[in-house]
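What follows is the residue order along each chain.
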Amino acid sequence: MTRKIYENAEVSCCYKYLMFSYNIIFWLFGAALIAAGLWAWSEKGVLQDLSVLTRVGGFDPVWVVLAAGVVMFVLGFAGCVGALRENLCLLKAFSTMVGLVFVVEVLVVVLVLVFQSQVLDWIQTFFMNNIRGYRDDIDLQNLIDSLQTSTWCCGAQSPEDWENNQYFSCNSTNPSRERCGVPFSCCIMDPAETVVNSQCGYDVRLKPKSDWPQLIHPRGCISALEAWLPGNLYTIAIVFTVISVLQMLGVYLARTLITDIYKVQINHHRNPVY
C-alpha cells in the first residue's frame, strides 16, 4: 500500500519555488539590515575602535537592527538554499528556528500580559538609563526624540527626569548651555513653524511648573504608553496575527517540502534506477 502511494512521488515545484520566493525577501531584507547597522557603526567610528561600544552610556539601537538582520539573513539563507537544493538539513533547521521564534514571541506576549506592572517598571528603569546616555549616542538620541515627539511626552515619568542627564542637570557645576533644560522633542511645537527650534527647551525647568504645560509636554512617556495601549490593542493584535501567519506559512512550506523529499527518497530506495 505504501509503495503504491509513493510510486509517482516527486517534489512539488510549486511549493519549492514558493518557499524560495518567500525566503529570498527575508534574506535580502536581512542583508540590508546588516548593511545598515554596519554603516551606522562606521559613521560612529565603532568599526575603527570597538571600545566605543563600552563608552556608550545607554542602549545602542544598532544592536536591534543587527540582531534582526542576522536572524532574518540566516533564516532566509536556510530557507532559500534548502528549497533550491532540496536539502533536508537546512529545511529542518529553518522550520525549527522559525517555530522557536514563534514560541518565544508567544511567551513574551503572555509574560507581558501577566506581569504588566513589572514590565512597566522595567521599561521605566530602561528609559531612565537611556536618559542618562542621551548625548552619548546619536542613534539613541534620535530614538528618544522620535518617541517624545510622536507621543507628546517628556522623560519617563515627568520632565524632571532629565535632571539625571549630566547635560540637562541643574547642578551648579554643570557648564552646559542645556543646564536646567529639556531636549527640543519635549517642546510643544508651533504648527506654523517650518524649522524646528532646537533651543526651545533651554532653561525650561527654571520656570515655574505652572508654566510648563504652555512650553513642554508635562506627561511622562510611561503614562503616554499606558494611555496609548488600550486604544491600539486591535492594531497590535492584527500585526501579531499577520506575523504569526507568515511564520506558520514558512513552517508549512518547509514541512511540505520535507515530506515530498522523504517520499522521493523512499521511492528511489524501493525502485532503484540502474
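Residues numbered from 1 in each chain as written. Predicted model: local features only at pLDDT ≥ 70, side-chain atom pairs only at ≥ 80, totals over all residues. Heavy atoms only, no water.

Caption draft 1: Highlighting the nonpolar core. In terms of nonpolar packing, the biggest core is built from 21 residues, with Phe127, Ile144, Trp162, Val182, Cys186 and Ile216 touching the most fellow members. Of all the elements, helix α5 (residues 116–132) adds the most residues to this core, at 4 residues. With residues near it in sequence (within four places) discarded, Val182 still touches Cys154, Pro159, Trp162, Phe168, Gly201, Arg205 and Ile216. If you look at the next biggest cluster of nonpolar residues, it comprises 15 residues, including Leu75, Ala83, Leu88 and Ala254. (Core = buried A, V, L, I, M, F, W, Y, C linked by side-chain atoms within 4.5 Å. Buried < 20%, exposed > 50% of the residue type's maximum accessible area, 1.4 Å probe, protein only. Helix = DSSP H or I, 4+ residues; strand = E, 2+ residues; numbered from the N terminus. Contact = heavy atoms within 4.5 Å.)

Caption draft 2: Focus on the side chain of Ser176. When you line up the elements, Ser176 lands in the loop between α6 (138–151) and α7 (212–215). Side-chain polar atoms of Ser176 contact the backbone nitrogen of Glu178, separated by 3.0 Å. (Polar contact = N/O pair within 3.5 Å; in protein donor to acceptor, adjacent residues only side chain to side chain.)

Caption draft 3: Seen up close, the confidence of the model for the protein. Model confidence for the protein is summarised by a mean pLDDT of 85, while 88% of its residues fall at 70 or above. When mean pLDDT is taken per element in the protein, α7 scores highest with 93 and helix α1 (residues 2–5) scores lowest with 48. (pLDDT = per-residue confidence, 0-100.)

Caption draft 4: Layout of α6. Its 14 residues place the ends of α6 20 Å apart at the C-alpha level, agreeing with the 20 Å of an ideal helix rising 1.5 Å per residue. For α6, the set of buried residues is Leu140, Gln141, Ile144, Asp145 and Gln148. Seen along its axis, α6 keeps its buried residues to an arc of 130 degrees; they face one direction. Those residues of α6 that are buried are in contact with α5 and α8 (221–231). In this structure Asp137 caps α6, since a side-chain oxygen of it lies 3.0 Å from the backbone nitrogen of Asp139. Among the residues trailing α6, Trp152 stands out with phi positive, at a value near 55 degrees. (Expected span 1.5 Å × (residues − 1). Arc of directions from axis to C-beta.)

Caption draft 5: Seen up close, the UniProt feature "transmembrane region" (unreviewed entry) in the protein. Under the UniProt annotation, the feature "transmembrane region" (unreviewed entry) is placed at residues 20–42, 62–84, 96–115 and 233–254. Within residues 20–42, the helical portion is 100% and the strand portion 0%, while the C-alpha atoms at the span's ends are 32 Å from each other. Here residues 233–254 runs as 100% helix and 0% strand, with 32 Å between its end C-alpha atoms. (UniProt positions renumbered as here; feature names shortened; annotations may be inferred.)

Caption draft 6: Structural context of the packing of aromatic side chains. Evaluated as defined, the whole model comprises 8 aromatic pairs. Here the aromatic rings of Trp27 and Phe73 are separated by 5.9 Å at their centres, their planes lie at 65 degrees, and the arrangement is edge-to-face. Pair noted here: Trp27 is in helix α2 (residues 13–43) and Phe73 is in helix α3 (residues 62–85), with a separation of 46 residues, a long-range link. Here Trp122 and Phe126 contribute two aromatic rings whose centre-to-centre distance is 5.3 Å and whose plane-to-plane angle is 15 degrees, an arrangement assigned as stacked. Here Trp122 and its partner Phe126 are both found in helix α5, 4 residues apart, which amounts to about one turn of the helix. With relative accessibility at 54%, the residue Trp122 sits in the exposed group. For Phe126, a relative accessible area of 34% puts it in the partly exposed group. (Phe/Tyr/Trp six-rings, centres within 6.5 Å; stacked < 30°, edge-to-face > 60°.)

Caption draft 7: Layout of unusual backbone geometry. The backbone of Trp152 sits at a positive phi, close to 55 degrees, despite the residue not being glycine. Looking at the secondary structure, you find Trp152 in the loop between α6 and α7. You will see that Cys180, though not glycine, has its phi angle at about 60 degrees, which is positive. Mapped onto the fold, Cys180 is located in the loop between α6 and α7.

Caption draft 8: Main features of the environment of Ser244. Relative to the assigned elements, Ser244 resides in helix α9 (residues 233–270). For Ser244 and Val101, which are 143 residues apart along the polypeptide, the C-alpha to C-alpha distance reads 9.8 Å. Of the polar contacts made by the side chain of Ser244, one reaches the backbone oxygen of Phe240; its length is 2.8 Å.

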